[in-house]
Amino acid sequence: AQRAANWDSVFRTVRQPDWWQGDDKYHPPAYSEPVSDLERRLRAGEFVVTAEVAPPLSTATGKLGQNIDLVKPYVAAVNFTDNPSATARMSSLACSTIALQHGAEPVMQMQGRDRTRATLQSEMLGASALGVRNVLVLSGDSGRMGPPPLGRLDIIDLDSVQMLWVLRRMRDEGHYLDGRPIKFPPKMFLGAAAAPFASRPEFQALREHKKVNAGAQFFQTNLVYDADGFEVWLNELARRDILDKVFILVGVTPLKSLKMAQYMHHEVPGVVIPQRLIKRLEAAGDGVQEEAITITLELIEAIKSKQGVHGIHLMAVGWEEIVPRIVTEAGLLPPDFVPPEETPAEAVAG
């Protein structure tokens, strides 16, 4: 006990400076009615699907709009990444606004790598004013992953836990970080990333617990290819009594090629692909894409009935056209699904 007291006296001031009031307690949202359709569906017990659409590399939005329209009938919300791998793309806020214009509900990602405390708060006010309600907060990939010339690598103002804490207090307590009141606070359904395989499950569960306490209402996980290993992580969350405090959407990506699978297994942190799946892709030869779809459907089937799982987050990584097929064949069409109208070209092709 004395050792714990000594350590606490040294490190508490490091972990919790004056402005940071800690994350050792759970704070339920201060509002009652859902602020987004995604939140409404999850609260109602619907098993949801969200899908990721890659932001464009230029100002052209034609393909972006087509992909949004393609996946919109099949999912509850569409995610837009925020400069992943520290590489510039169209902003997540711009893509989210375009999604709203197309009648789709966006999930706007915000990473801490490129943001100060001021920009985090101002961008959230702007996003809320534009109608963006779902926000996924991330610390962000290391700047070292970006193309040269590299920017400053020694400045990281806030991590994802602190970002969640700041945004939750803006929403629920109606004030800026510096204490100024916000007359009309932002409305937002706060999410965070979770990484079941980034380290030992009990360590990851501790990190996830901090995020829930800070304000995370839903998780979209890193990629899962091992359903049994994923369940170990879920059990660690259950031991921390947080499974009933957060909605979990499990990350799944179809492995479009053997090369993609090998790259992700060896080069992407927190992603583990069992050798049995890689061998299946090797044996598939020219039929590798069909085998990838079969593997994805098997994974969804194995994952969707596990404790605490509320949906699937489908990251097609430039293969957005496969989303309708996977959602349909997995039996995950939304209750209000309306088949999209065929264009003349599709009618002729059919």
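Residues numbered from 1 in each chain as written. Predicted model: local features only at pLDDT ≥ 70, side-chain atom pairs only at ≥ 80, totals over all residues. Heavy atoms only, no water.

A short note on the environment of serine 91
- Tracing the backbone shows serine 91 in the loop between strand 2 (77-80) and helix 4 (92-101).
- Classification of serine 91 by relative accessible area gives partly exposed; the value is 36%.
- Separated by 34 residues in sequence, serine 91 and leucine 57 have C-alpha atoms that sit 9.8 Å apart.
- A polar atom in the side chain of serine 91 sits 3.1 Å from the backbone nitrogen of alanine 94. (Helix = DSSP H or I, 4+ residues; strand = E, 2+ residues; numbered from the N terminus. Buried < 20%, exposed > 50% of the residue type's maximum accessible area, 1.4 Å probe, protein only. Polar contact = N/O pair within 3.5 Å; in protein donor to acceptor, adjacent residues only side chain to side chain.)

Observations regarding the nonpolar core
- Counting 86 residues, the largest nonpolar core has Tyr225, Phe230, Ile248, Ile273 and Ile303 as its most contacted members.
- It is helix 11 (residues 288-303) that provides the largest number of residues to this core, a total of 8 residues.
- For isoleucine 303, the residues in contact, after removing those within four places along its chain, are Val224, Ala227, Phe230, Val250, Val309 and Ile312. (Core = buried A, V, L, I, M, F, W, Y, C linked by side-chain atoms within 4.5 Å. Contact = heavy atoms within 4.5 Å.)

Structural notes on the pairing of strand 2
- Residues Ala77 and Asn79 of strand 2 are buried on one face, and the alternating residues Val78 and Phe80, pointing to the opposite face, are buried as well.
- Of the pairings in the sheet, the one linking strand 1 (residues 48-52) to strand 2 comprises 3 bridges and is parallel in character. Residue pairing across strands places glutamate 52 opposite asparagine 79, the latter belonging to strand 2.
- Taken together, strand 1, helix 3 (residues 62-71) and strand 2 constitute a β-α-β crossover, and its handedness is right-handed.
- The β-α-β motif built from strand 2, the intervening helix 4 and the parallel element strand 3 (residues 106-111) has right-handed crossover chirality. (Pairing = 2+ DSSP bridges. Right-handed = clockwise from strand over helix to strand, strands pointing away.)

Section: helix 5 (residues 117-129)
- An ideal rise of 1.5 Å per residue puts 18 Å on 13 residues; helix 5 measures up with 19 Å between its terminal C-alpha atoms.
- Residues of helix 5 that are buried make contact with helix 4, strand 3, strand 4 (134-138) and helix 6 (160-173).
- Taken from the residues just after helix 5, glycine 131 is the one with a positive phi, measuring 100°. (Expected span 1.5 Å × (residues − 1).)

Here's the deal with the side chain of threonine 50
- Note that threonine 50 resides in strand 1.
- The class for threonine 50 is buried, based on a relative accessible area of 0%.

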